[in-house]
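Report on the structure
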Amino acid sequence: MALRTRAGRARRLALASIALLTASASLSPVASAQDRGRDHHPSGGGLSATIRYTEYGIPHILAKDYADLGFGTGYAQAADEVCTLADGFVTLRGERSRWFGPDAAPDGSLSSAAKNLSSDLYFKGVRDTGTVEKLLATPAPAGPSGRAKELMRGWTAGYNAWLKQNRITDPTCQGAPWVRPVTVTDVAARAFAMSVLGGQGRGADGITSAQPPTSAPAPTAPDPAAAARAAERLFAADQADMGSNAVAFSGAATADGRGLLLGNPHYPWHGGRRFWQMQQTIPGELNVSGAALLGTPTMSIGFNDKVAWSHTVATGVTLNLHQLALDPADPTAYLVDGRAEHMTRRTVTVPVKGGAPVTRTQWWTRYGPVVSGLGPSLPLPWSRTTAFALNDPNALNLRAADTSLGFSRARGTADVLSALRRTQGLPWVNTVAADAAGHSLFTQSQVLPRITDELAARCSTPLGKAVYPASGVAVLDGSRGDCALGSDPDAVQPGIFGPARMPVLKDAAYAENSNDSAWLANADHPLTGYERIFGTVATARSLRTRGAVEDVSALAARGGLKVADLQRQEFTDRAPAGSLAAADTAAACAALPGGTAFNSAGTAVDVSGACPVLARWDRTVNTGSRGALLFDRYWRRLTATASPADLWKVPFSAADPVRTPSGLNTASPLVARALADAVGELRAAGLALDAPLGQGQFVVRDGRRLPLAGGTEALGVWNKVEGIWDPAAGYTEVSTGSSHIQAVGWDGGHCPVARTLLTYSQSDNPRSPHHSDQTKLYSQGRWVTSRFCERDILSSPALRVVRVREHR
């Protein structure tokens with residue numbers, strides 16, 4: 001009886017809050033958006049929101065305007081993820097060395113810096129030059145809108161209010177002096193860092209270490225062929241710590257003529273690039289559900305009552321290089337059309353724990369910062385004659401929040417496309433969308449350097465002529481003014497492609513992407529005609545793309561699809577690599593003389609027990625699949641050492657891109673060697689060769705083993721899980737993989753039909769009740785039924801209503 005009374009009181013409070021907010025939202029949507037963004041709150045005060053929590057700690061944030069919505073979002077994010085967020089703000093202030101020492105490694109969520117010191121030098125340089133403040137002051141559409149800035153202002157106040165009003169229970173940062181209030185600049189700096197993640201963020205080590213040559217021997221110029229191989233590998237989708245699958249089905253493939261969307265982003269399970277679920281509502285103005293990246297006040301992927309969208313990491317290369325011809329008298333000056341220009345010297349100082357502050361100089365040019373390399377595999381040495389500058393157009397892009405707002409307010413895929421064209425804010429992702437009217441959409445609408453194939457052919461240096469075709473990274477002659485990137489008339493900033501150049505596929509029966517280029521979004525309607533920097537055409541696809549296209553094209557051909565079909569697709573856990581190679585491997589295994597193969601160390605290994613296991617394996621990576629673990633370890637070993645030419649008998653054919661290459665080349669000695677290595681690995685881990693996958697692929701939460709289905713990139717599995725291998729036990733943790741999954745459709749009513757799952761759960765705090773609850777669901781292949789409409793929210797048996805406000 002007491003429980004029912006409390007639940008009833010909560011529902012009455014929620015209804016009262018809704019009535020109050022609805023009354024305040026009686027203006028038309030256009031008028032209210034303008035007036036509230038400008039006048040509702042005087043500077044610095046009075047922000048509040050109502051947060052209704054339902055099952056699994058999912059907050060439904062109700063607010064009167066954008067500043068209040070940001071306030072509720074920041075408050076609720078802090079409640080779940082304060083330590084992860086605070087750690088990110090230490091990064092953005094350039095203070096990691098101060099608190100954690102210069103040689104420790106950041107979590108990689110905000111840049112590719114290998115150590116705290118280089119991370120600090122980069123981000124402190126951004127802070128010292130007022131980069132983010134200038135972007136905030138840039139008028140829309142080139143800069144953020146008033147709505148976006150109000151959301152950031154509100155998020156800042158909400159995060160700070162939570163810190164002021166609550167006690168931290170997460171042992172990760174409980175009592176830590178580095179957990180401090182934040183400013184709007186801090187919040188915007190996080191958006192900036194995410195924007196440049198594939199450009200300046202990728203080059204952070206190279207930016208902070210680039211120094212003019214000394215009297216030491218001149219460094220060796222990069223070898224074009226070696227640099228091309230390194231760049232191709234560096235920018236390959238299967239090397240990224242983020243990926244995704246997404247498919248939109250049009251009404252032609254569905255049971256009721258309405259669209260369907262299945263989004264399956266593959267993101268890190270730990271650190272600052274986690275998703276966080278929520279619903280955001282401003283009555284009469286905005287109502288959207290989904291997930292945000294931590295530290296952001298807008299919905300990254302999600303749905304409303306008319307449209308759903310997801311993103312996949314795109315193949316477009318978000319940077320380019322300019323090779324500088326240096327002044328013979330001064331290596332810090334470079335020539336453009338025969339005239340010397342001096343580099344800009346930026347001196348940056350960062351505090352260091354237990355030592356003196358470190359001061360370093362960074363060197364900037366008209367093209368961007370000088371870099372000494374893009375990671376250790378692609379050095380770009382600064383000699384007496386040559387240096388390299390990095391151009392990243394996303395360093396002028398603080399528009400992603402406006403793109404997300406455009407999606408959140410969209411009434412169909414046409415509005416999604418319109419928002420992309422108007423805001424041009426997405427730095428490194430594709431967009432896949434479907435709507436209640438039966439439309440589907442795929443588009444690779446990114447902020448990319450305006451490198452046309454014509455420009456690359458005319459202006460590439462000898463290094464660029466090798467690197468650009470292989471990787472899409474252009475290396476242009478910086479000494480020629482006629483090699484400037486130029487502008488498209490429909491671009492919101494100079495030096496980028498305008499919307500008319502973007503690959504787009506509308507209203508196909510299915511539109512799918514698994515991190516390959518736009519070419520095969522639909523195998524029956526290949527996309528072509530885009531520049532190399534966007535990605536390749538008529539080249540081999542990953543096994544994940546091949547498997548995905550096989551699956552979704554078969555679903556579309558069958559027709560009559562419903563949300564339940566999307567749910568089944570997510571957890572089918574078919575391993576395309578197994579279909580291609582398991583039978584041949586088993587036969588090759590059975591043919592080995594004496595059942596013996598030699599491992600990488602040259603030691604003979606009895607592999608005879610592996611042959612029947614591989615032959616009987618069901619070619620899935622379900623938790624009960626016997627043979628999946630053995631094939632996984634074998635296939636990783638084999639694909640890490642064998643080139644496609646060594647691996648397959650039938651080469652890739654652009655005329656049959658889904659079924660080629662094929663035919664395992666069992667004559668290669670690498671096959672037997674990889675098998676011997678895999679057998680040895682499982683035995684060392686105490687795992688039987690036919691152990692079910694879940695016995696050797698699991699995570700431990702709350703002291704309990706949770707077996708996980710899914711598999712790695714190389715296996716081609718839709719439900720990607722990138723496990724961390726413990727030689728003594730198997731895969732005992734996940735680094736990256738399926739994250740915020742959503743299956744969305746419509747049935748003609750007011751509420752979308754949506755099933756969601758946040759694989760790693762809502763909170764990183766081990767003391768939170770929502771630290772592992774959805775991870776347990778993921779282990780069981782179960783979903784959360786989304787509560788979108790008010791009646792569904794208010795009928796939740798777990799409903800908890802919290803009214804949050806600033807205490808001033």
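This text gives an overview of the structure that appears in the document. All of these numbers come straight from a predicted model, not from anything done at the bench.

**Let's talk about the packing of helix α3 (residues 66-92) against helix α7 (residues 146-165)**
The geometry of α3 relative to α7 is characterised by a closest axis approach of 6 Å and an angle of 60° between their N-to-C directions. When the interaxial angle is binned, α3 and α7 end up oblique. In the crossing of α3 with α7, the sense of the turn from one axis to the other is right-handed. Partitioned by chemical class, the residues of the contact of α3 with α7 number 18 nonpolar, seven polar and three charged.

**Concerning the state of the cysteines**
A complete count under the given rule lists four disulfides for this structure. The disulfide bridge from C459 ends at C483, spanning 2.1 Å between sulfur atoms. Taking the sign of the S-S torsion, -85° for the link of C459 and C483, the bridge is left-handed. Linking C459 in helix α13 (residues 453-459) with C483 in the loop between β18 (475-477) and β19 (504-506), this pair joins segments that are 24 residues apart in sequence.

**Description of the packing of helix α5 (residues 116-128) against helix α8 (residues 184-195)**
When two helices pack together, you describe them by how their axes are tilted relative to each other and by the distance separating the axes. With their axes 12 Å apart at the nearest point, α5 and α8 run at an angle of 125° to one another. Here α5 is positioned oblique relative to α8, judged by the angle of their axes. Between α5 and α8 the crossing geometry is right-handed. Residues Y122, F123, V126 and R127 of α5 lie in contact with α8, whose contacting residues are T185, D186, A189, F192 and A193.

**A short note on the side chain of S662**
The topology assignment puts S662 in strand β24 (residues 662-664). Apart from residues lying up to four places away in sequence, S662 is in contact with L580, W648, K649 and V650.

**Comments concerning the sheet that holds strand β14 (residues 368-369)**
Within the open sheet, the three strands sit side by side as β12-β13-β14. Their pairing is antiparallel. Here the strands that pair on one side only, and so sit at the sheet edges, are β12 (344-352) and β14. Of the strand pairs in this sheet, strand β13 (residues 355-365) and β14 are connected by two bridges, and their pairing is antiparallel. Residue pairing for β14: T365 is matched across the bridge by G368. Relative to β12, α5 is tilted by about 125°, and along the sheet it contacts β12 and β13.

**What about unusual backbone geometry?**
Cis geometry is adopted by the peptide bond preceding P141, which originates at A140 and carries an omega value of 10°. Here P141 lies in the loop between α6 (131-137) and α7. Residue P661 follows T660 across a cis peptide bond; omega there is 0°. With respect to the helices and strands, P661 occurs in the loop between β23 (648-650) and β24. A positive phi angle, near 80°, is found at N515, a position not held by glycine. Relative to the elements of secondary structure, N515 occurs in the loop between β20 (510-513) and α15 (543-558). By relative accessible area, N515 is classed as buried at 3%. With a phi close to 75°, S761 is a non-glycine residue in the positive phi region. With respect to the secondary-structure elements, S761 resides in the loop between β30 (753-758) and α23 (773-780).

**Describing the nonpolar core**
Counting residues in hydrophobic clusters, the biggest one holds 174 residues, and the most contacted among them are V82, Y159, V179, F192, F249 and I451. For this core, the element with the most residues is α3, which contributes 14 residues. When neighbours within four sequence positions are excluded, V82 is seen to be in contact with Q77, Y159, W162, L163, I168, C173 and V179. Counting 44 residues, the second largest nonpolar core, distinct from the first, contains A597, A610, A678 and V717.

**With respect to α15**
Here α15 spans 23 Å end to end across 16 residues, near enough to the 22 Å set by a 1.5 Å rise per residue. Turning to α15, its buried residues number three or more, namely L543, R544, T545, R546, G547, A548, V549, D551, V552, L555 and A556. On its buried face, α15 is in contact with β3 (243-249), β4 (260-268), β20, α16 (563-570), α17 (576-590) and α19 (628-641). Just past α15, the residue G559 takes up positive phi, approximately 75°.

Reading the values: the criteria
Residues numbered from 1 in each chain as written. Predicted model: local features only at pLDDT ≥ 70, side-chain atom pairs only at ≥ 80, totals over all residues. Heavy atoms only, no water. Axes fitted to C-alpha atoms, helices over the stretch in contact; angles between N-to-C directions. Helix = DSSP H or I, 4+ residues; strand = E, 2+ residues; numbered from the N terminus. Parallel < 35°, antiparallel > 145°, perpendicular 65-115°, else oblique. Left-handed = near helix turned anticlockwise from the far one by under 90°. Nonpolar A, V, L, I, M, F, W, Y, C, P; charged D, E, K, R; others polar. Disulfide = S-S within 2.5 Å. Contact = heavy atoms within 4.5 Å. Pairing = 2+ DSSP bridges. Buried < 20%, exposed > 50% of the residue type's maximum accessible area, 1.4 Å probe, protein only. Core = buried A, V, L, I, M, F, W, Y, C linked by side-chain atoms within 4.5 Å. Expected span 1.5 Å × (residues − 1).

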